[in-house]
Structures are given as C-alpha cells and as structure tokens.
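Descriptive structure summary
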Amino acid sequence: MEEFHKVRRLPPYVFEQVNRLKASARAGGADIIDLGMGNPDLPTPKAIVDKLCEVVQDPRTHRYSSSKGIPGLRRAQAAYYARRFGVKLNPDTQVVATLGSKEGFANMAQAITAPGDVILCPNPTYPIHAFGFLMAGGVIRSMSVEPDDSFFPPLERAVRHSIPKPLALILNYPSNPTAYVATLDFYKEVIAFAKKHDIIVLSDLAYSEIYFDDAPPPSVLEVPGAMDVTVEFTSMSKTFSMPGWRMGFAVGNERLIAALTRVKSYLDYGAFTPIQVAATHALNGDGSDIAEVRSIYKRRRDILVESFGKAGFEVPPPAATMFAWAKIPEKFRHLGSLEFSKLLVEKADIAVAPGIGFGEQGDDYVRIALVENEHRIRQAARNLKRFLSAADETMHNVISLNAHRS
C-alpha cells in the first residue's frame, strides 16, 4: 500500500538504525555506553519531586488541566525571563506552556503554515525544526548554522529567489547539535533583517542554562523590537533534569502566541496539574539546582575532550549545551556518519548520534551527548582507543575500504 502523504514527506529516521543495532548488541550481552540520545541521566532535584508528591495527593489536581498552562506557571516563566534576560512578558498574552519545546515547535508550525510556505532552517539542526514544518505542508530552505557574517548572504538570496517569500526563520542557539552560541549583536542583525522583510523569527533556546564560560547565552527577545516578530521556545528538560516531565514554554509576540494557544486548545489539556505546580516551584527557586547541573556537564565535557583526544578522536570543547559536535576521524570519513556510528556500536560498544540525522550538512560529524557519568566516559575512551589502534587490521572485516558515499 502507498504510504500516507505526510509520512511520505518525511525522510527515514536515521537514528532508529543506530538504536536497533544498539538494542541488538545489548540483547547479545554487550555493555553499550550510550552517548547518542540527549536524554539526561541526572535525577530531577528532590525539592521539585517533593512538590509533585505533595500536590498529587490532592484529588482536585487529577482533573483536566489548562492547555495554556496554569496562571502561576505562566507568571513564574515571565518572572524567570525578567530575572535572566531583562525581558518583560505579559503572562496572560505572551506566555503559553507547552509539552516540551518539541511539541511547541510542531504545533507552532501547524498554527502558522499554509501549504507551500517557505521556512528558512539551519542545516544541521534539531530534526523537529524542519520536520514540524514539513508535516504542516511547508517547504524547507536550508541555511548556514554558524552565527557569524556567513549567515546573512544566504538569507538575502533566499528572500530574492524564494516564491513565495519566506514565512519564518528558525534560530537555535546554543545550537543542537553544533553547540554554537550566538551573541546579542548577531541577534540584532537577525531582527533587523526579519523586520525589513516581514519574516517571523522562531528561536529555540532550550540550552540557555547549559553553558561553560562566564557569558550566559542571551535571548533574542533582549533585542529592542524583537517582540514584534519573535516567539522563543524554552524547556525544563535539560535545565532542571526533567525530560520525562514534558514541560516547556513558548513566549513572545502576542499574535503568534495566540495562534499557538488556539491550536493547542484543540489538541491537548496541558500537562498534568501537579507537574505544572512542581515546574512553578522549580522556576521560582534560587537557581542553585541549575548551577549544579551546569557544573556536572562541564566536568563531563572536560573529561570527554581530554580522554577522547588521547584516544585519537579530537573533540572540540563545546561552549554550551550537553553535546559535543565532533568531526569523524579522517580515515573513516568516507563512510559517512551513519556507517561510522554503526561501526562504533559494533566495534567499540559506544553509541553516538550520526550527524546526517540533523541534516545533510552534518554527515562528516557525530554528536556525542554528555549523558553518562565520568567513569563511563573514560571507559568509552578506552574502548575507542582499542578500536582506533586496531582499525587498520580489522576494518576489512567490517566494510570495504573502497566503499564511498554516493
């Protein structure tokens, strides 16, 4: 039978191939060190869990909740933006709770996209940034991901040559998967461009609190006038180690937030009320939990960079996020990121995310997630060193060295 139209528009989910191989290896007794999926292993802070347990005892909280988010939660998010970025938000009209930033992006795409609308999207980038709009009937035009002068000439060409004119531009800094961090000056140029050409800006700021130097990443909404054209998405998944809780936010332009809120009102009743209350408690905290999470990821990053480097796999130290974006060693680069990732599972008991899963421009790279403890990261490095040192003798047993990507 022919595939359904929207399913047919989606490329194969390449991560699933690595996941199947990983599951098969584990079923055979292999101890796979999983640095693939960005699934935080740190426990949710006790105070947040305690608040959930307290509230869930009240049967009144077991009823349908609010799709938009309970008022206290929206006020807490507005207060967070005021403290962290100096951005003033109206919690009634400029904040909506989402079931994680991924759901927020996908439903924003449904809310604003007409068939054939052109979306400017970084390549490589987190898959929902492109796939959410593809499922909504949009057309993706790939852009550079580096937040520097090279970012803008392709934007100008896109405006000149795209029919219809682009509807929206997607930003993601700190970036998943590349870990690039944008400056406020870069955002000022983006907003000037967007206002000049009447383009919506959708910013994914999920990693705003996972940074490793003394310069916290800014919000695009700090730019004067950005509120006229921008919605920004954040998540509690990484900041508070709450991935399974599914709690995020969209904030910004009232018209866009209203559109998202209306679409969501038809699709869900919001997160479970005790989760929303616990999330409110987290946002109103003193920030010590965030600082601890940040310090753990920094230690893991430093150990990964050092130990993998000594093993023969150079990993540039990311300035932010819980990921490293590393170029495949030269002798394996012809394989492409998917085959190299499979090779690491088979020969080194390490799972990473193939760069091709984030866009064709990522195929020379793999993404390495900091989701195992320091001991496990060092073990991965030892496995990697054994594999790399023996590769010249064993590669012929794995795949033809004459194989090349098409």
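An account of the accompanying structure is given in this report. On a predicted model such as this, the values are computed, not experimentally measured, just so you know.

Right, let's get into the packing of helix 4 (residues 71–85) against helix 10 (residues 273–283). Here helix 4 crosses helix 10 at 20°, and the two axes come no closer than 9 Å. The pairing of helix 4 with helix 10 is recorded here as roughly parallel in orientation. Here helix 4 runs over helix 10; the crossing is left-handed. Contacts from G72, L73, A76, Q77, Y80 and R83 in helix 4 reach Q276, A279, T280 and L283 in helix 10. Residue composition of the contact of helix 4 with helix 10, grouped by class: 5 nonpolar, 4 polar and 1 charged.

Our next topic: the pairing of strand 3 (residues 118–122). Burial analysis of strand 3 places 5 of its 5 residues in the buried class, the great majority of the element. Residues V118, L120 and P122 line one face of strand 3 and the alternating positions I119 and C121 line the opposite face, and both faces are buried. Across 5 bridges, the pairing between strand 3 and strand 4 (residues 139–143) is parallel. Within strand 4, the residue paired with P122 across the bridge is M143.

Under the defined criterion, the tally for this structure stands at 18 aromatic pairs. Ring centres 4.5 Å apart and planes at 35° place the aromatic pair F105 and F233 in the tilted group. Of this pair, F105 sits in helix 5 (residues 100–112) while F233 sits in strand 7 (residues 230–235), and the two are 128 residues apart along the sequence. Accessibility assignment for this pair places F105 and F233 in one class, buried. On the basis of an interplanar angle of 50° and a centroid distance of 6.1 Å, the ring pair of F186 and Y187 is categorised as tilted. The class for F186 is buried, based on a relative accessible area of 3%. We classify Y187 as buried; its relative accessible area is 0%. Seen from the ring of F323, R367 lies directly overhead, with NZ or CZ sitting 3.9 Å from the centre.

Turning to its location among the elements, L99 is positioned in the loop between strand 2 (95–98) and helix 5. In this structure the C-alpha to C-alpha distance between L99 and G69, which are 30 residues apart in sequence, comes to 9.9 Å. In contact with L99, not counting residues within four places along its chain, are R246, M247, K264, D268, G270 and A271.

A few words on the sheet that holds strand 7. In spatial order, the strands read 2-8-7-6-5-3-4; together these 7 strands make up an open sheet with mixed pairing. At either end of the open sheet lies a strand with only one pairing partner, and these are strand 2 and strand 4. Ignoring strand direction, the axes of neighbouring strands in this sheet form an average angle of 20°.

Tallying each qualifying case throughout the model produces 20 salt bridges. In this structure, the salt-bridge partner of E103 is K264, at a minimum N-O distance of 3.2 Å. Taken together, the residues E103 in helix 5 and K264 in helix 9 (residues 254–267) connect sequence positions 161 residues apart. A single network of salt bridges, built from pairs that share partners, joins D31, E372 and R376.

Our focus in this paragraph is the environment of L205. Mapped onto the elements, L205 comes out in the loop between strand 6 (200–204) and strand 7. Spatially, the C-alpha atom of L205 lies 28 Å from that of R160, the residues being 45 residues apart in sequence.

Turning to the side chain of S65, a few remarks are in order. Counting through the fold element by element, S65 comes out in the loop between helix 3 (46–56) and helix 4. According to the relative accessible area criterion, S65 is buried, its value standing at 17%. Side chain to side chain, S65 and T273 meet in a polar contact 2.9 Å long. In this view, S65 contacts I70, Y269, A271, T273 and Q276; residues no more than four positions away in its chain are not counted.

Rules of the game
- Residues numbered from 1 in each chain as written.
- Predicted model: local features only at pLDDT ≥ 70, side-chain atom pairs only at ≥ 80, totals over all residues.
- Heavy atoms only, no water.
- Axes fitted to C-alpha atoms, helices over the stretch in contact; angles between N-to-C directions.
- Helix = DSSP H or I, 4+ residues; strand = E, 2+ residues; numbered from the N terminus.
- Parallel < 35°, antiparallel > 145°, perpendicular 65-115°, else oblique.
- Left-handed = near helix turned anticlockwise from the far one by under 90°.
- Contact = heavy atoms within 4.5 Å.
- Nonpolar A, V, L, I, M, F, W, Y, C, P; charged D, E, K, R; others polar.
- Buried < 20%, exposed > 50% of the residue type's maximum accessible area, 1.4 Å probe, protein only.
- Pairing = 2+ DSSP bridges.
- Phe/Tyr/Trp six-rings, centres within 6.5 Å; stacked < 30°, edge-to-face > 60°.
- Lys NZ or Arg CZ within 6 Å of the ring centre and 35° of its normal.
- Salt bridge = Lys/Arg side-chain N within 4 Å of Asp/Glu carboxyl O.
- Polar contact = N/O pair within 3.5 Å; in protein donor to acceptor, adjacent residues only side chain to side chain.

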